[in-house]
Amino acid sequence: MESFMPYLLSLLLLRLSLYLISFVRKKGKNLPPGCNSWLRENLSLNLIGSRFFFQHRMQKYSPAQVFKTSIFGVEAAVFCGAQGNKFLFTNETKLVSAWRTPSLRKALLPAFVANNKKNPVAIFRSYDLAKPDALRQYIPVMDAVVRRLLPERPNSVVKMLPLSNKYSFELAFKLFTDAAVPEVLEKLIEPFGLLVNGMLALPINLPGTTFSRAVKAGQVARAEVMRMVKERRKEMRETGESEGDGEGRDMLSKMLLLSDEDEEYDAMVANFVVGLVVVSYDSTASAITAVVHFLAELPHIYQQVLREQMEIAKSKGPDEPLTWEDMEKMKYSWNVARESLRLLPPAVGGFKEATTDFTYAGYTIPKGYKTYWTPHSSHMNPEYFPEPEKFDPSRFEGSGPPPYTFVPFGGGPRMCAGKDYARVAILVFMHNLVTRFRLEKVIPDEKMVFHATRAVPAHGLPIHLHPHSN
Ligand code: HEM
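Report on the accompanying structure. All residue numbers refer to position in the chain's written sequence, counted from 1. It should be noted that, the model being predicted, local features are given only for residues of pLDDT at least 70 and side-chain atom pairs only at 80 or more, the latter also being counted only at that level, while totals for whole chains, interfaces and linings use all residues. Excluding hydrogens and water, the side-chain values take into account all heavy atoms of the structure.

**Let's talk about the coordination of the iron atom of the ligand**
Donors, by definition, are the N, O and S atoms found within 2.8 Å of a metal, the threshold being 3.2 Å for Na, K and Ca, and water is not counted, so a site can look incomplete. Inspection of the coordination sphere of the iron atom of the ligand shows a single protein donor, Cys416 (SG), at 2.3 Å. Following the sequence through the fold, cysteine 416 ends up in the loop between strand 8 (370-373) and helix 16 (419-436). A run of DSSP states H or I qualifies as a helix once it reaches four residues; a run of E qualifies as a strand once it reaches two. Both are numbered from the N-terminal end.

**Some words on unusual backbone geometry**
Apart from glycine, the bulk of residues carry a negative phi angle, and the bulk of peptide bonds sit in the trans form. The amide bond that connects serine 62 to the next residue, proline 63, takes the cis arrangement and shows omega of 10°. Considering the arrangement of structural elements, one finds proline 63 in the loop between helix 2 (38-60) and strand 1 (66-71). With a phi angle near 50°, phenylalanine 72 is a residue other than glycine that sits in the positive phi range. Turning to its location among the elements, phenylalanine 72 is positioned in the loop between strand 1 and strand 2 (74-79). For phenylalanine 72, a relative accessible area of 4% gives the class buried. In this model, alanine 361 sits at a positive phi of 50°, which is unusual for a non-glycine residue. Overall, the relative accessible area of 38% leaves alanine 361 in the partly exposed class. Working definition: with a 1.4 Å probe on protein chains only, accessible area under 20% of the residue-type maximum means buried, over 50% means exposed, and in between means partly exposed.

**Side note on the pattern of salt bridges**
The term salt bridge refers to a pairing of a side-chain nitrogen on Lys or Arg with a carboxyl oxygen on Asp or Glu at a separation within 4 Å. On inspection of all chains with the given rule, the structure shows 28 salt bridges. A salt bridge links glutamate 186 to lysine 166; the shortest N-O distance between them is 3.8 Å. Here the residue glutamate 186 occupies a position in helix 9 (residues 182-198), and lysine 166 occupies one in helix 8 (residues 160-176), the gap between them amounting to 20 residues. The partner of lysine 441 in a salt bridge is glutamate 297, and the shortest N-O contact between them spans 2.9 Å. A residue pair is termed long-range when its members are at least 10 positions apart, and lysine 441 in strand 9 (residues 438-441) and glutamate 297 in helix 12 (residues 263-297) qualify at 144 residues. Judged by relative accessible area, which is 37%, glutamate 297 ranks as partly exposed. Three or more residues are tied together by salt bridges with common partners; here these are Asp178, Arg232, Glu235 and Asp250.

**A word on helix 7 (residues 139-149)**
Among all positions of helix 7, only Ile139, Met142, Asp143, Val145, Val146 and Leu149 are buried. With its buried residues spanning 165° around the axis, helix 7 presents them on a single face. Contact between two residues is taken to exist if any of their heavy atoms lie within 4.5 Å; hydrogens are not considered. The elements touched by buried residues of helix 7 are helix 6 (132-136), helix 8, helix 14 (324-329) and helix 16. Note that the arc is computed from the directions linking the helix axis to the C-beta atoms.

Now the structure itself:
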(Lines give C-alpha, C1' and ligand atoms only; values in the text may rest on other atoms or scores of the structure.)
Protein backbone atom coordinates (compact mmCIF):
# COMPACT_ATOMS: atom_id res chain seq x y z
CA MET A 1 0.00 0.00 0.00
CA GLU A 2 2.86 2.34 0.98
CA SER A 3 4.32 2.15 -2.49
CA PHE A 4 1.03 3.44 -3.91
CA MET A 5 0.91 6.51 -1.66
CA PRO A 6 3.21 8.73 -3.76
CA TYR A 7 1.19 7.83 -6.87
CA LEU A 8 -2.13 8.54 -5.18
CA LEU A 9 -0.91 11.81 -3.67
CA SER A 10 0.49 13.07 -6.97
CA LEU A 11 -2.70 12.02 -8.76
CA LEU A 12 -4.84 13.87 -6.20
CA LEU A 13 -2.63 16.96 -6.38
CA LEU A 14 -2.75 16.90 -10.17
CA ARG A 15 -6.54 16.64 -10.22
CA LEU A 16 -6.87 19.37 -7.60
CA SER A 17 -4.64 21.80 -9.51
CA LEU A 18 -6.40 21.00 -12.81
CA TYR A 19 -9.72 21.59 -11.09
CA LEU A 20 -8.57 24.96 -9.66
CA ILE A 21 -7.16 26.11 -13.00
CA SER A 22 -10.32 25.17 -14.89
CA PHE A 23 -12.55 26.65 -12.13
CA VAL A 24 -10.81 30.02 -12.40
CA ARG A 25 -10.88 29.91 -16.20
CA LYS A 26 -14.58 28.97 -16.43
CA LYS A 27 -15.82 31.22 -13.60
CA GLY A 28 -18.73 33.35 -14.76
CA LYS A 29 -18.96 31.62 -18.17
CA ASN A 30 -22.24 30.25 -19.44
CA LEU A 31 -21.07 26.70 -20.18
CA PRO A 32 -23.42 24.15 -21.83
CA PRO A 33 -25.61 22.04 -19.49
CA GLY A 34 -24.34 18.66 -18.41
CA CYS A 35 -22.29 16.84 -15.81
CA ASN A 36 -18.55 17.23 -15.50
CA SER A 37 -18.05 14.62 -12.79
CA TRP A 38 -14.99 12.76 -13.97
CA LEU A 39 -15.89 9.62 -12.03
CA ARG A 40 -19.61 9.49 -12.83
CA GLU A 41 -19.28 10.19 -16.55
CA ASN A 42 -16.39 7.80 -17.16
CA LEU A 43 -18.04 5.04 -15.15
CA SER A 44 -21.25 5.49 -17.11
CA LEU A 45 -19.41 5.54 -20.47
CA ASN A 46 -17.64 2.31 -19.62
CA LEU A 47 -20.76 0.64 -18.26
CA ILE A 48 -23.23 1.43 -21.02
CA GLY A 49 -20.85 1.97 -23.97
CA SER A 50 -20.44 4.96 -26.25
CA ARG A 51 -23.61 4.71 -28.37
CA PHE A 52 -26.01 4.66 -25.40
CA PHE A 53 -23.93 7.13 -23.40
CA PHE A 54 -24.19 9.85 -26.06
CA GLN A 55 -27.82 9.06 -26.92
CA HIS A 56 -28.81 9.22 -23.24
CA ARG A 57 -27.05 12.58 -22.67
CA MET A 58 -28.55 14.05 -25.83
CA GLN A 59 -32.06 13.13 -24.70
CA LYS A 60 -31.41 14.38 -21.17
CA TYR A 61 -30.13 17.79 -22.22
CA SER A 62 -32.52 18.16 -25.12
CA PRO A 63 -33.15 20.63 -26.69
CA ALA A 64 -29.57 21.88 -26.12
CA GLN A 65 -27.48 21.16 -29.20
CA VAL A 66 -24.44 20.83 -27.00
CA PHE A 67 -23.77 19.36 -23.55
CA LYS A 68 -20.77 19.10 -21.30
CA THR A 69 -19.32 15.89 -19.95
CA SER A 70 -16.02 14.41 -18.81
CA ILE A 71 -14.84 11.46 -20.91
CA PHE A 72 -11.49 9.73 -21.35
CA GLY A 73 -10.25 11.95 -18.51
CA VAL A 74 -11.13 15.18 -20.33
CA GLU A 75 -13.89 17.73 -19.64
CA ALA A 76 -15.44 18.68 -22.97
CA ALA A 77 -18.49 20.13 -24.72
CA VAL A 78 -20.06 17.54 -27.04
CA PHE A 79 -21.48 19.18 -30.17
CA CYS A 80 -24.52 17.25 -31.41
CA GLY A 81 -26.13 16.38 -34.72
CA ALA A 82 -25.33 17.52 -38.24
CA GLN A 83 -25.19 21.14 -37.07
CA GLY A 84 -22.65 20.39 -34.35
CA ASN A 85 -20.51 18.29 -36.71
CA LYS A 86 -20.60 21.01 -39.35
CA PHE A 87 -19.67 23.69 -36.84
CA LEU A 88 -16.60 21.83 -35.58
CA PHE A 89 -15.44 20.53 -38.97
CA THR A 90 -15.75 23.88 -40.76
CA ASN A 91 -14.21 25.93 -37.95
CA GLU A 92 -10.99 23.93 -37.73
CA THR A 93 -8.15 26.52 -37.53
CA LYS A 94 -10.69 29.38 -37.13
CA LEU A 95 -12.23 28.63 -33.72
CA VAL A 96 -10.93 25.14 -32.86
CA SER A 97 -7.94 22.96 -33.62
CA ALA A 98 -7.42 19.19 -33.42
CA TRP A 99 -6.37 18.05 -29.96
CA ARG A 100 -5.12 14.66 -28.75
CA THR A 101 -5.76 13.26 -25.25
CA PRO A 102 -2.87 13.07 -22.73
CA SER A 103 -3.06 9.23 -22.90
CA LEU A 104 -2.70 9.25 -26.65
CA ARG A 105 0.20 11.65 -26.53
CA LYS A 106 2.02 9.79 -23.74
CA ALA A 107 1.47 6.29 -25.06
CA LEU A 108 1.85 7.01 -28.73
CA LEU A 109 3.85 10.13 -29.31
CA PRO A 110 6.17 10.75 -26.36
CA ALA A 111 9.18 11.75 -28.40
CA PHE A 112 7.54 13.21 -31.43
CA VAL A 113 9.58 16.16 -32.59
CA ALA A 114 8.03 18.56 -35.06
CA ASN A 115 10.71 19.48 -37.52
CA ASN A 116 9.50 21.30 -40.56
CA LYS A 117 12.67 20.85 -42.57
CA LYS A 118 12.59 17.07 -42.56
CA ASN A 119 9.13 15.91 -41.87
CA PRO A 120 8.10 12.30 -42.57
CA VAL A 121 4.43 13.32 -42.31
CA ALA A 122 4.89 15.37 -45.47
CA ILE A 123 6.06 12.25 -47.30
CA PHE A 124 3.01 10.35 -46.17
CA ARG A 125 0.74 13.13 -47.37
CA SER A 126 2.60 13.40 -50.67
CA TYR A 127 1.59 9.79 -51.31
CA ASP A 128 -1.96 11.14 -51.28
CA LEU A 129 -3.76 7.93 -50.48
CA ALA A 130 -6.95 9.44 -51.87
CA LYS A 131 -5.64 9.34 -55.43
CA PRO A 132 -6.58 6.32 -57.58
CA ASP A 133 -2.99 6.17 -58.85
CA ALA A 134 -1.60 5.67 -55.36
CA LEU A 135 -4.35 3.26 -54.37
CA ARG A 136 -4.01 1.19 -57.53
CA GLN A 137 -0.66 -0.21 -56.42
CA TYR A 138 -2.04 -1.44 -53.08
CA ILE A 139 -4.98 -3.41 -54.51
CA PRO A 140 -2.95 -6.48 -55.62
CA VAL A 141 -1.10 -6.40 -52.27
CA MET A 142 -4.39 -6.42 -50.35
CA ASP A 143 -5.76 -9.12 -52.63
CA ALA A 144 -2.74 -11.37 -52.02
CA VAL A 145 -2.85 -10.87 -48.24
CA VAL A 146 -6.55 -11.71 -47.90
CA ARG A 147 -6.22 -14.76 -50.18
CA ARG A 148 -3.41 -16.06 -47.99
CA LEU A 149 -5.25 -15.41 -44.72
CA LEU A 150 -8.61 -16.92 -45.67
CA PRO A 151 -8.72 -20.70 -45.28
CA GLU A 152 -8.05 -22.65 -48.47
CA ARG A 153 -10.82 -25.13 -47.83
CA PRO A 154 -14.46 -24.44 -47.11
CA ASN A 155 -16.18 -25.93 -44.05
CA SER A 156 -13.69 -24.24 -41.72
CA VAL A 157 -14.63 -22.10 -38.75
CA VAL A 158 -12.84 -18.76 -38.55
CA LYS A 159 -13.03 -16.04 -35.90
CA MET A 160 -13.52 -12.89 -37.91
CA LEU A 161 -12.28 -10.31 -35.39
CA PRO A 162 -8.72 -11.73 -35.08
CA LEU A 163 -8.64 -12.51 -38.81
CA SER A 164 -9.55 -8.96 -39.85
CA ASN A 165 -7.07 -7.64 -37.28
CA LYS A 166 -4.31 -9.69 -38.90
CA TYR A 167 -5.32 -8.55 -42.38
CA SER A 168 -5.45 -4.84 -41.61
CA PHE A 169 -2.32 -4.98 -39.42
CA GLU A 170 -0.31 -6.56 -42.21
CA LEU A 171 -1.68 -4.04 -44.72
CA ALA A 172 -0.81 -1.12 -42.45
CA PHE A 173 2.82 -2.25 -42.29
CA LYS A 174 2.96 -3.02 -45.99
CA LEU A 175 1.90 0.54 -46.67
CA PHE A 176 5.30 1.63 -45.34
CA THR A 177 7.64 -1.18 -46.00
CA ASP A 178 7.74 -3.84 -48.67
CA ALA A 179 9.81 -5.89 -46.22
CA ALA A 180 6.96 -6.54 -43.78
CA VAL A 181 7.26 -10.24 -42.91
CA PRO A 182 4.07 -11.96 -41.66
CA GLU A 183 5.94 -13.95 -38.99
CA VAL A 184 7.50 -10.79 -37.50
CA LEU A 185 4.17 -8.99 -37.58
CA GLU A 186 2.53 -11.93 -35.79
CA LYS A 187 4.67 -11.10 -32.71
CA LEU A 188 3.99 -7.39 -32.96
CA ILE A 189 0.21 -7.50 -33.10
CA GLU A 190 -0.13 -7.96 -29.33
CA PRO A 191 1.79 -4.81 -28.23
CA PHE A 192 -0.02 -2.83 -30.92
CA GLY A 193 -3.36 -4.13 -29.61
CA LEU A 194 -2.45 -2.99 -26.06
CA LEU A 195 -1.43 0.39 -27.45
CA VAL A 196 -4.79 0.81 -29.20
CA ASN A 197 -6.66 -0.16 -26.01
CA GLY A 198 -4.81 2.43 -23.95
CA MET A 199 -5.07 5.36 -26.34
CA LEU A 200 -8.26 6.65 -24.76
CA ALA A 201 -7.83 5.09 -21.31
CA LEU A 202 -7.73 7.30 -18.22
CA PRO A 203 -4.11 8.46 -17.90
CA ILE A 204 -3.39 6.65 -14.63
CA ASN A 205 0.10 5.23 -14.78
CA LEU A 206 -0.25 2.64 -12.00
CA PRO A 207 0.86 -0.97 -12.38
CA GLY A 208 -1.78 -3.01 -14.16
CA THR A 209 -3.87 -0.13 -15.57
CA THR A 210 -4.82 -0.16 -19.25
CA PHE A 211 -2.86 3.06 -19.64
CA SER A 212 0.38 1.77 -18.09
CA ARG A 213 0.15 -1.37 -20.25
CA ALA A 214 -0.25 0.87 -23.29
CA VAL A 215 2.77 2.98 -22.35
CA LYS A 216 4.91 -0.17 -22.04
CA ALA A 217 3.50 -1.63 -25.26
CA GLY A 218 4.28 1.68 -27.00
CA GLN A 219 7.93 1.30 -25.96
CA VAL A 220 8.05 -2.27 -27.32
CA ALA A 221 6.37 -1.26 -30.60
CA ARG A 222 8.68 1.72 -31.15
CA ALA A 223 11.80 -0.32 -30.34
CA GLU A 224 10.76 -3.00 -32.86
CA VAL A 225 9.99 -0.47 -35.60
CA MET A 226 13.26 1.32 -34.81
CA ARG A 227 15.02 -2.01 -35.40
CA MET A 228 13.36 -2.16 -38.85
CA VAL A 229 14.48 1.41 -39.53
CA LYS A 230 18.09 0.58 -38.61
CA GLU A 231 18.01 -2.53 -40.79
CA ARG A 232 16.74 -0.43 -43.69
CA ARG A 233 19.49 2.17 -43.15
CA LYS A 234 22.04 -0.65 -43.33
CA GLU A 235 20.49 -2.03 -46.56
CA MET A 236 20.41 1.45 -48.05
CA ARG A 237 24.10 1.92 -47.30
CA GLU A 238 24.92 -1.45 -48.83
CA THR A 239 22.84 -1.03 -51.98
CA GLY A 240 23.65 2.65 -52.46
CA GLU A 241 19.95 3.53 -52.35
CA SER A 242 20.86 6.48 -50.15
CA GLU A 243 23.24 7.86 -52.71
CA GLY A 244 21.09 8.50 -55.45
CA ASP A 245 17.96 7.24 -57.12
CA GLY A 246 16.10 9.83 -55.07
CA GLU A 247 12.82 7.97 -55.22
CA GLY A 248 13.32 5.27 -52.57
CA ARG A 249 11.90 1.78 -52.94
CA ASP A 250 8.93 2.28 -50.60
CA MET A 251 7.51 4.86 -48.19
CA LEU A 252 10.01 3.96 -45.46
CA SER A 253 12.98 4.56 -47.79
CA LYS A 254 11.46 7.79 -49.03
CA MET A 255 11.15 9.07 -45.46
CA LEU A 256 14.70 8.03 -44.57
CA LEU A 257 16.11 9.63 -47.72
CA LEU A 258 14.94 13.00 -46.43
CA SER A 259 17.76 13.03 -43.90
CA ASP A 260 21.23 11.59 -43.40
CA GLU A 261 21.43 8.90 -40.77
CA ASP A 262 20.48 10.66 -37.56
CA GLU A 263 19.27 9.00 -34.35
CA GLU A 264 16.69 11.68 -33.55
CA TYR A 265 15.27 11.80 -37.05
CA ASP A 266 15.14 8.02 -37.37
CA ALA A 267 13.32 7.79 -34.03
CA MET A 268 10.78 10.28 -35.37
CA VAL A 269 10.20 8.13 -38.47
CA ALA A 270 9.77 5.02 -36.28
CA ASN A 271 7.36 6.93 -34.08
CA PHE A 272 5.36 8.10 -37.05
CA VAL A 273 5.10 4.60 -38.50
CA VAL A 274 3.84 3.26 -35.14
CA GLY A 275 1.28 6.09 -34.93
CA LEU A 276 -0.05 5.48 -38.38
CA VAL A 277 -0.28 1.73 -37.99
CA VAL A 278 -2.29 2.33 -34.81
CA VAL A 279 -4.78 4.78 -36.35
CA SER A 280 -5.24 2.70 -39.47
CA TYR A 281 -5.33 -0.96 -38.50
CA ASP A 282 -7.78 -1.13 -35.61
CA SER A 283 -10.49 0.96 -37.27
CA THR A 284 -10.22 -0.94 -40.56
CA ALA A 285 -10.43 -4.29 -38.74
CA SER A 286 -13.39 -3.06 -36.76
CA ALA A 287 -15.15 -1.97 -39.98
CA ILE A 288 -14.54 -5.34 -41.66
CA THR A 289 -15.82 -7.21 -38.60
CA ALA A 290 -19.00 -5.10 -38.64
CA VAL A 291 -19.55 -5.81 -42.35
CA VAL A 292 -19.12 -9.58 -41.86
CA HIS A 293 -21.47 -9.47 -38.86
CA PHE A 294 -24.25 -7.99 -41.02
CA LEU A 295 -23.52 -10.19 -44.05
CA ALA A 296 -23.79 -13.31 -41.90
CA GLU A 297 -26.92 -12.07 -40.17
CA LEU A 298 -28.86 -10.78 -43.19
CA PRO A 299 -29.03 -13.35 -46.03
CA HIS A 300 -30.93 -11.02 -48.40
CA ILE A 301 -28.10 -8.46 -48.13
CA TYR A 302 -25.47 -11.18 -48.53
CA GLN A 303 -27.20 -12.44 -51.71
CA GLN A 304 -27.10 -9.01 -53.35
CA VAL A 305 -23.45 -8.52 -52.45
CA LEU A 306 -22.71 -12.00 -53.79
CA ARG A 307 -24.45 -11.23 -57.09
CA GLU A 308 -22.42 -8.04 -57.56
CA GLN A 309 -19.13 -9.69 -56.61
CA MET A 310 -19.73 -12.80 -58.77
CA GLU A 311 -20.29 -10.57 -61.81
CA ILE A 312 -16.84 -9.11 -61.20
CA ALA A 313 -15.25 -12.51 -60.51
CA LYS A 314 -16.71 -13.96 -63.73
CA SER A 315 -15.18 -11.17 -65.77
CA LYS A 316 -11.67 -12.21 -64.62
CA GLY A 317 -9.32 -15.19 -64.76
CA PRO A 318 -9.11 -17.35 -61.56
CA ASP A 319 -5.82 -15.85 -60.36
CA GLU A 320 -6.20 -12.42 -61.91
CA PRO A 321 -5.87 -9.81 -59.13
CA LEU A 322 -8.54 -7.19 -58.52
CA THR A 323 -8.08 -3.76 -60.08
CA TRP A 324 -9.18 -0.19 -59.45
CA GLU A 325 -11.84 -0.60 -62.16
CA ASP A 326 -13.29 -3.54 -60.18
CA MET A 327 -13.53 -1.34 -57.08
CA GLU A 328 -15.57 1.18 -59.04
CA LYS A 329 -18.09 -1.55 -59.89
CA MET A 330 -18.66 -2.52 -56.24
CA LYS A 331 -21.35 0.10 -55.64
CA TYR A 332 -23.85 -2.03 -53.72
CA SER A 333 -21.09 -3.62 -51.62
CA TRP A 334 -19.79 -0.17 -50.64
CA ASN A 335 -23.30 0.90 -49.64
CA VAL A 336 -23.44 -2.19 -47.40
CA ALA A 337 -20.07 -1.25 -45.89
CA ARG A 338 -21.24 2.34 -45.32
CA GLU A 339 -24.44 1.17 -43.65
CA SER A 340 -22.28 -1.02 -41.37
CA LEU A 341 -20.10 2.01 -40.56
CA ARG A 342 -23.24 4.00 -39.74
CA LEU A 343 -24.56 1.43 -37.28
CA LEU A 344 -21.21 0.36 -35.82
CA PRO A 345 -18.77 3.27 -36.33
CA PRO A 346 -15.19 2.15 -35.59
CA ALA A 347 -14.09 5.59 -34.32
CA VAL A 348 -16.00 7.03 -31.39
CA GLY A 349 -15.25 10.68 -32.27
CA GLY A 350 -12.59 13.29 -31.73
CA PHE A 351 -11.51 16.16 -29.49
CA LYS A 352 -10.75 19.67 -30.60
CA GLU A 353 -9.59 22.62 -28.50
CA ALA A 354 -11.16 26.10 -28.58
CA THR A 355 -8.47 28.49 -29.81
CA THR A 356 -10.55 31.52 -28.77
CA ASP A 357 -13.71 32.24 -26.70
CA PHE A 358 -16.81 31.67 -28.82
CA THR A 359 -20.58 31.18 -28.48
CA TYR A 360 -22.52 28.16 -29.73
CA ALA A 361 -26.29 27.63 -29.33
CA GLY A 362 -26.32 30.40 -26.72
CA TYR A 363 -23.53 28.87 -24.58
CA THR A 364 -19.98 30.08 -24.11
CA ILE A 365 -17.05 27.86 -25.02
CA PRO A 366 -13.99 29.46 -23.39
CA LYS A 367 -10.55 29.45 -25.01
CA GLY A 368 -8.69 26.26 -24.08
CA TYR A 369 -11.92 24.32 -23.38
CA LYS A 370 -12.17 21.00 -25.23
CA THR A 371 -14.93 20.18 -27.69
CA TYR A 372 -15.96 16.74 -28.94
CA TRP A 373 -17.79 15.41 -32.01
CA THR A 374 -19.12 11.88 -32.29
CA PRO A 375 -20.83 9.88 -35.08
CA HIS A 376 -23.23 8.61 -32.39
CA SER A 377 -24.91 12.03 -32.27
CA SER A 378 -26.15 11.84 -35.88
CA HIS A 379 -25.94 8.22 -37.11
CA MET A 380 -28.98 7.06 -35.12
CA ASN A 381 -31.11 10.18 -35.55
CA PRO A 382 -34.43 9.26 -37.28
CA GLU A 383 -34.58 12.76 -38.79
CA TYR A 384 -31.55 11.91 -40.95
CA PHE A 385 -31.90 8.12 -41.04
CA PRO A 386 -35.55 6.96 -40.87
CA GLU A 387 -35.91 3.75 -38.81
CA PRO A 388 -32.29 4.14 -37.70
CA GLU A 389 -32.03 0.60 -36.25
CA LYS A 390 -32.86 -0.94 -39.63
CA PHE A 391 -29.98 -2.09 -41.86
CA ASP A 392 -30.79 -0.42 -45.16
CA PRO A 393 -27.95 0.15 -47.69
CA SER A 394 -30.36 2.00 -50.02
CA ARG A 395 -29.93 5.07 -47.79
CA PHE A 396 -26.67 5.65 -49.63
CA GLU A 397 -28.14 5.51 -53.14
CA GLY A 398 -28.44 8.71 -55.17
CA SER A 399 -27.24 11.75 -53.28
CA GLY A 400 -27.20 9.75 -50.02
CA PRO A 401 -27.73 11.13 -46.50
CA PRO A 402 -27.69 14.91 -45.86
CA PRO A 403 -24.26 16.53 -45.40
CA TYR A 404 -22.55 16.16 -41.98
CA THR A 405 -24.91 13.36 -40.87
CA PHE A 406 -22.77 10.37 -41.91
CA VAL A 407 -19.36 10.99 -40.38
CA PRO A 408 -17.48 7.75 -39.60
CA PHE A 409 -14.29 9.35 -40.99
CA GLY A 410 -14.77 12.77 -39.39
CA GLY A 411 -14.87 15.82 -41.62
CA GLY A 412 -13.21 19.09 -42.60
CA PRO A 413 -9.45 19.52 -42.99
CA ARG A 414 -8.66 16.82 -40.40
CA MET A 415 -10.87 14.18 -42.00
CA CYS A 416 -9.34 10.69 -42.03
CA ALA A 417 -6.36 10.68 -44.41
CA GLY A 418 -6.83 6.97 -45.12
CA LYS A 419 -10.54 6.79 -45.89
CA ASP A 420 -10.16 5.81 -49.55
CA TYR A 421 -7.48 3.32 -48.64
CA ALA A 422 -9.86 1.87 -46.01
CA ARG A 423 -12.65 1.64 -48.61
CA VAL A 424 -10.47 -0.40 -50.94
CA ALA A 425 -9.20 -2.63 -48.08
CA ILE A 426 -12.79 -3.39 -47.01
CA LEU A 427 -14.03 -4.09 -50.57
CA VAL A 428 -11.11 -6.38 -51.42
CA PHE A 429 -11.85 -8.37 -48.25
CA MET A 430 -15.59 -8.57 -49.03
CA HIS A 431 -14.92 -9.76 -52.59
CA ASN A 432 -12.66 -12.61 -51.54
CA LEU A 433 -14.88 -13.69 -48.66
CA VAL A 434 -18.25 -13.81 -50.43
CA THR A 435 -17.07 -15.19 -53.78
CA ARG A 436 -15.50 -18.15 -51.99
CA PHE A 437 -17.82 -18.81 -49.07
CA ARG A 438 -21.35 -18.83 -47.82
CA LEU A 439 -21.38 -17.52 -44.24
CA GLU A 440 -23.07 -18.95 -41.17
CA LYS A 441 -22.69 -17.58 -37.67
CA VAL A 442 -21.48 -20.26 -35.25
CA ILE A 443 -23.31 -18.41 -32.44
CA PRO A 444 -26.53 -17.39 -34.20
CA ASP A 445 -27.53 -14.61 -31.80
CA GLU A 446 -24.02 -13.29 -31.11
CA LYS A 447 -24.35 -9.57 -30.38
CA MET A 448 -22.07 -6.65 -31.11
CA VAL A 449 -21.32 -5.16 -27.68
CA PHE A 450 -20.71 -1.42 -27.38
CA HIS A 451 -17.69 -0.52 -25.23
CA ALA A 452 -16.43 2.98 -24.43
CA THR A 453 -14.50 3.27 -27.68
CA ARG A 454 -16.03 0.77 -30.11
CA ALA A 455 -18.38 -2.13 -30.68
CA VAL A 456 -16.96 -5.65 -30.70
CA PRO A 457 -18.60 -9.03 -31.23
CA ALA A 458 -19.19 -10.72 -27.88
CA HIS A 459 -17.26 -13.87 -28.90
CA GLY A 460 -14.96 -12.63 -31.69
CA LEU A 461 -17.51 -13.53 -34.41
CA PRO A 462 -16.77 -17.18 -35.25
CA ILE A 463 -18.12 -17.89 -38.75
CA HIS A 464 -18.64 -21.22 -40.44
CA LEU A 465 -17.40 -20.87 -44.02
CA HIS A 466 -19.42 -23.16 -46.33
CA PRO A 467 -18.73 -23.89 -50.00
CA HIS A 468 -21.19 -22.28 -52.43
CA SER A 469 -22.36 -25.56 -53.92
CA ASN A 470 -23.96 -26.72 -50.63
C1 HEM B 1 -12.68 2.21 -41.56
C2 HEM B 1 -11.48 2.64 -41.24
C3 HEM B 1 -11.17 3.99 -40.66
C4 HEM B 1 -11.97 4.84 -39.94
C5 HEM B 1 -13.42 4.64 -39.52
C6 HEM B 1 -11.16 6.01 -39.64
C7 HEM B 1 -11.62 7.11 -38.93
C8 HEM B 1 -10.86 8.22 -38.65
C9 HEM B 1 -11.33 9.35 -37.89
C10 HEM B 1 -12.70 9.50 -37.27
C11 HEM B 1 -10.31 10.24 -37.82
C12 HEM B 1 -10.31 11.58 -37.09
C13 HEM B 1 -10.84 12.65 -37.99
C14 HEM B 1 -11.04 13.96 -37.27
O15 HEM B 1 -10.46 14.18 -36.20
O16 HEM B 1 -11.83 14.77 -37.79
C17 HEM B 1 -9.18 9.68 -38.54
C18 HEM B 1 -7.95 10.30 -38.70
C19 HEM B 1 -6.91 9.76 -39.39
N20 HEM B 1 -6.88 8.57 -40.06
FE21 HEM B 1 -8.42 7.25 -40.20
N22 HEM B 1 -9.91 5.84 -40.18
C23 HEM B 1 -9.86 4.63 -40.82
C24 HEM B 1 -8.79 4.08 -41.50
C25 HEM B 1 -7.59 4.73 -41.71
C26 HEM B 1 -6.50 4.18 -42.51
C27 HEM B 1 -6.53 2.83 -43.21
C28 HEM B 1 -5.48 5.10 -42.47
C29 HEM B 1 -4.11 5.06 -43.09
C30 HEM B 1 -3.78 4.32 -44.10
C31 HEM B 1 -5.94 6.22 -41.66
C32 HEM B 1 -5.20 7.36 -41.40
C33 HEM B 1 -5.64 8.42 -40.65
C34 HEM B 1 -4.83 9.59 -40.35
C35 HEM B 1 -3.38 9.84 -40.81
C36 HEM B 1 -5.63 10.44 -39.57
C37 HEM B 1 -5.23 11.79 -38.96
C38 HEM B 1 -5.62 12.91 -39.92
C39 HEM B 1 -5.23 14.27 -39.34
O40 HEM B 1 -5.22 14.41 -38.11
O41 HEM B 1 -4.97 15.16 -40.15
N42 HEM B 1 -7.22 5.95 -41.22
N43 HEM B 1 -9.55 8.45 -39.04
